[in-house]
2 protein chains.
Amino acid sequence: MNDLTIVLDGKSGVPLYEQIYYHIKNEITEGGLPFGKRLPSTRKLAKFLQVSRTTVDLAYEQLVSEGYVEARPCKGYYVCELEGICSLRPESPRARRKPKQQDAGCLYDFSPRGVDLNSFPLGAWRKISKEILMEDNTRFFQLGDPAGEWELRCTIADYLHQARGVSAEPEQIIVGAGNDFLHMLLRVLLGNRRVLAMESPTYRKAYELFESLSCTVKIAGMDESGMRIDSLEETGADLAYVMPSHQYPLGIVMPVKRRMQLLEWAARKEGRYIIEDDYDSEFRYRGKPIPALAGYDRQGKVIYIGTFSKSIAPAIRVSYMVLPEGLMEKYNERGRRISSTVSRVDQLLIARFLNEGYYERHLNKMRAVYKSRHDTLLEAMKPFRKILTVSGENAGVHLLLNFHNGMTEQEAADRAWTKGVKVYGLSRYYVGGVSQERQTVILGYANVTEDAIKEAAGRLAQAWL
Amino acid sequence: MNDLTIVLDGKSGVPLYEQIYYHIKNEITEGGLPFGKRLPSTRKLAKFLQVSRTTVDLAYEQLVSEGYVEARPCKGYYVCELEGICSLRPESPRARRKPKQQDAGCLYDFSPRGVDLNSFPLGAWRKISKEILMEDNTRFFQLGDPAGEWELRCTIADYLHQARGVSAEPEQIIVGAGNDFLHMLLRVLLGNRRVLAMESPTYRKAYELFESLSCTVKIAGMDESGMRIDSLEETGADLAYVMPSHQYPLGIVMPVKRRMQLLEWAARKEGRYIIEDDYDSEFRYRGKPIPALAGYDRQGKVIYIGTFSKSIAPAIRVSYMVLPEGLMEKYNERGRRISSTVSRVDQLLIARFLNEGYYERHLNKMRAVYKSRHDTLLEAMKPFRKILTVSGENAGVHLLLNFHNGMTEQEAADRAWTKGVKVYGLSRYYVGGVSQERQTVILGYANVTEDAIKEAAGRLAQAWL
């Protein structure tokens, strides 16, 4: 009993049972109460401390449940054997400094990942968000369908039919928080021992992600129509990852003939699939959008992936995937276990944003904004024609400058940087050790206004000409 | 020219260039215009159709960019060779029927995955959501830090320190859309050739997910303190997945001694880690919450995973992971490529929900609600003491009924079902072919009111006694 002279402080705000618990716990961890030592009975300790027996019971129970003390039936409470230190760290939380942002000093950033957010339809977003939360429907907070909300999947099916020429049932559509997540999900569905063919240069993140998930990734050669079929055959791959509407980063639009050949390649062997990443097909400045490869698919060979990151906003985190019939069984078997990664409120928000016509209006607005920047940038590049050619300019929100005066991408980027302009070398998009062209830079113009483009071009002239 | 008698309809609403484009495309795909055929020059066709040359230019450009037609410099436009059919499917979207929900006819569902949503703090949620969107800050829609918003990570660090005894820097905290996603991310960080040890029964989804991502998953034996260290050693695993606060589904609280032994196991070899899934530690009905295993970790051996799914709402889709220092390099190398799976608005919402004290109040409310259901269920099970014992009742929102009268889980579930009560057999949680006890059912009470528990108990008495 003498070991347990606990000084209780009735005014400290800490419940009495916790004070007892902490005292005994400290005694145990600091060796004051050795292994095997019997604690006083709850009755005795309660009397000694002049507290109710329930208070001591609570303290002992806590000690038992954390394993410091053992209750032996009809015998009492005994100190357990502990090894190592087990008290919590006493430090108080430190003042934290947010890690610094990079890129200070850059006036004109032609990042290919930029998106113009001044045009973000915040009003509509706010209105719909408020409406959904006002509906007082706790259903929105119950776990939803792992594949996504039915309303949203129907809406996406209609959109794909009208805008991308893709006929898909809502059952085939899986909603996920970004393309990276969908790639991970695909890896789960497609299983081990898969060989995936990609182009080089390509969307590097996808390459590295598939590699780090034990996919074998091979590089198939390219020509001016995109991935070469003969080279694809040689890789021995059973999966081909392509971006037929606007190859990233080269900007190649895959012609119908190559699309047909790719579909034929997939049809020649069972288990072959094409992953179509249709990341920025919404933005095409002349004529109507080119139908997706999945729109030509009659044999269920194309896994189509689309996103709202480019067309609405990157932080929205909503992408979607159309699975061919042949993969639905795998999805139901393996994929449905993985809970949806998008909140139901966000899913309903996107569905209504599309259904109420906001998306169409937003897209038309953005097409106009981006087309005007695209045209301004093309015009601004005219004085550079002696030293470079422009490519990849038919769609999307970036284009390439290919230097033919011997300037390397590093030199071009460094010189531009000294004038406050950030452009990006193409070589970072090369993967798999494929030999690299090093005389091309990439300019994303989505987040650079026309005035800024003109000013930046003036600075680039000083840097490059 | 005669092949191209295009009937243009100025009143159809379809732009003229599109009508020309569609006509020629159809001619090509239906064989009316064979491979190699030269199209009329844009000048001639414009004159013939009495439209502007720009209109024909646009139509031809679209045909070229889709690969139906080829522009040969100084020669004109020629039909490309196409193989296969390439017109879009003409079907109009069908009326769709939403797939039916299951479980009709069930009056009392003791699903272990249930959550009480009548207590969801919709008012506070709505208020904060509105505030964030009113701030007119388009930053929220720009792509954020892949690891999560700094504000939220600081908030979680403070919460973990106070509530779970875990000291983590915000830099170590990674936010993700649900535990499934975090498991996938962990798989990326930890790399190939890993052997993971799990218990059986366990959280089955995690087992299957790791298996489908080419992890070798071994089963370590259990005793009444949780995972056995000798058995863990025998598996040869370098990763151990445990739920020390409340093992799922058995409800075992791992005592301090076993926790220390587990930490020692991890410390014995480099590269060993413990994955601590702390899924429902917020709910403990007597005494204060037991500190997390990560709170005892001095050597950077515990990967801690927590979630707001149980404590706020399942559809919120926000979980978090604390990476030990030793894995930060891997995260920066491989993990940062994967964009955050939670929208920034949702992240800020959760941060403010915690910072403004709503979370604490909500947790206290839910603890009271769940404790009352827990106590009611324990009381209601007293008449069954002849045929079963109750276990796993110290924490969480489910408990187990172990029949000792020879009744199997199947019989128990079937008989309960005939009375409109749904209980779940434990055997579904066994993995890896480990021999199964088949006389235990699991009852989740989070989403069953006290009145419903009493009524259900009456029905179970009819079914089982």
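Calculation criteria
- Residues numbered from 1 in each chain as written.
- Chains lettered and ligands numbered in written order.
- Predicted model: local features only at pLDDT ≥ 70, side-chain atom pairs only at ≥ 80, totals over all residues.
- Heavy atoms only, no water.
- pLDDT = per-residue confidence, 0-100.
- Helix = DSSP H or I, 4+ residues; strand = E, 2+ residues; numbered from the N terminus.
- Contact = heavy atoms within 4.5 Å.
- Polar contact = N/O pair within 3.5 Å; in protein donor to acceptor, adjacent residues only side chain to side chain.
- Buried area = accessible area lost by both parts, 1.4 Å probe.
- Salt bridge = Lys/Arg side-chain N within 4 Å of Asp/Glu carboxyl O.
- Buried < 20%, exposed > 50% of the residue type's maximum accessible area, 1.4 Å probe, protein only.
- Pairing = 2+ DSSP bridges.
- Axes fitted to C-alpha atoms, helices over the stretch in contact; angles between N-to-C directions.
- Phe/Tyr/Trp six-rings, centres within 6.5 Å; stacked < 30°, edge-to-face > 60°.
- Lys NZ or Arg CZ within 6 Å of the ring centre and 35° of its normal.

### Topic: the confidence of the model for chain A
Summary statistics for chain A give a mean pLDDT of 88 and a share of 93% for residues scoring 70 or more. For this predicted complex, the interface score ipTM comes out at 0.83, while the overall pTM is 0.84.

### Some thoughts on the environment of Tyr108 of chain A
All names here are of chain A. Relative to the elements of secondary structure, Tyr108 occurs in strand β3 (residues 108-109). With 174 residues separating them along the chain, Tyr108 and Glu282 place their C-alpha atoms 25 Å apart. Those residues in contact with Tyr108, other than ones at most four positions away along the chain, are Gly420, Val421, Lys422, Ala452, Glu455, Ala456 and Arg459. A distance of 2.6 Å separates polar atoms of two side chains, one belonging to Tyr108 and the other to Glu455.

### Here's the deal with the interface of chain B and chain A
In this complex, chain B contributes 103 residues to the contact, which on the side of chain A involves 103 residues. Approximately 9300 Å² of surface area, both sides summed, lies buried where chain B meets chain A, with 56% of it carried by carbon and sulfur atoms. A salt bridge links Arg337 of chain B to Glu208 of chain A, with the nearest nitrogen and oxygen atoms 2.8 Å apart. Seen at the junction of chain B and chain A, the total is 22 residue pairs in polar contact (both at pLDDT 80 or more).

### Examining the pattern of salt bridges
Residue and element names in this part refer to chain B. All chains considered together, the criterion is met by 42 salt bridges over all chains. A salt bridge links Arg344 to Glu149; the shortest N-O distance between them is 2.9 Å. Residue Arg344 is located in helix α11 (residues 344-355), and its partner Glu149 is located in the loop between α4 (122-134) and α5 (150-164); the two are separated by 195 residues in the primary sequence. Given the relative accessible area of 11%, Arg344 is considered buried.

### Examining the sheet that holds strand β6 (residues 216-219) of chain A
Residue and element names in this part refer to chain A. One open sheet holds the 7 strands; their spatial order is β4-β12-β11-β10-β9-β5-β6, and the pairing between them is mixed. Each edge of the open sheet is held by one strand with a lone partner, namely β4 (173-176) and β6. Here the strands of the sheet are splayed against their neighbours by 20° on average, with no regard to which way each runs. Alignment of strand β9 (residues 239-242) against strand β10 (residues 273-277), held across 4 bridges, turns out to be parallel. Bridge pairing in β10 links Leu239 to Tyr273.

### Points about the packing of aromatic side chains
Applying the stated criterion across every chain, the model contains 39 aromatic pairs over all chains. Geometrically, the ring pair formed by Tyr159 of chain B and Tyr359 of chain B is edge-to-face, given 5.5 Å between the ring centres and 70° between the ring planes. In this pair, Tyr159 of chain B sits in helix α5 while Tyr359 of chain B sits in helix α12 (residues 358-380), placing the two residues 200 residues apart along the sequence. Note on accessibility: Tyr159 of chain B and Tyr359 of chain B belong to one class, buried. Pairing Phe283 of chain B with Tyr370 of chain B gives two aromatic rings, centres 4.9 Å apart and planes at 85°, and the pair type is edge-to-face. Residue Phe283 of chain B is found in the loop between β10 (273-277) and β11 (302-307), and its partner Tyr370 of chain B is found in helix α12; the two are separated by 87 residues along the sequence. An aromatic cluster is built from Phe120, Trp125, Tyr159, Tyr304, Phe308, Tyr320, Phe353, Tyr358 and Tyr359 of chain A together with Phe141 of chain B, whose rings are joined through pairwise contacts. Lying across the ring of Tyr273 of chain A, Lys301 of chain A places its NZ or CZ 5.4 Å from the centre. One cation-aromatic arrangement involves Arg361 of chain B over Tyr358 of chain B; the distance from NZ or CZ to the ring centre is 5.1 Å.

### Let's talk about the sheet that holds strand β14 (residues 398-403) of chain A
Sheet strands associate in pairs through backbone hydrogen bonding, adopting either a parallel or an antiparallel arrangement. All names here are of chain A. Strand order across the open sheet formed by 4 strands is β13-β14-β17-β16, with antiparallel pairing between neighbours. In the strand order of this sheet, the two ends are held by β13 (388-391) and β16 (424-425), each with one partner. For β14 and strand β17 (residues 440-444), the ladder comprises 5 bridges, and the chain directions are antiparallel. Counted as the bridge partner of Leu401 is Val441 from β17.

### Some remarks on the pairing of strand β17 (residues 440-444) of chain B
All names here are of chain B. Counting buried positions along β17 yields 5 of 5 residues, so the element is predominantly enclosed. Taking every second residue as pointing to the same face, both faces of β17 are buried, with Thr440, Ile442 and Gly444 on one and Val441 and Leu443 on the other. In this sheet, β17 lies alongside strand β16 (residues 424-425) in antiparallel orientation, the contact comprising 2 bridges. Pairing of Tyr424 across the sheet is with Ile442, part of β17.

### Thoughts on helix α7 (residues 204-212) of chain B
Of all 9 residues making up α7 of chain B, 7 are buried, and the element is well covered by its neighbours. Of all the positions in α7 of chain B, only Lys205, Ala206, Tyr207, Glu208, Leu209, Phe210 and Ser212 of chain B are classed as buried. Where α7 of chain B is buried, its residues meet α6 (179-190) of chain A together with α6 (179-190), β5 (195-198), β6 (216-219), β9 (239-242) and β10 of chain B. A positive phi of about 65° marks Ser214 of chain B, the residue just after α7 of chain B.

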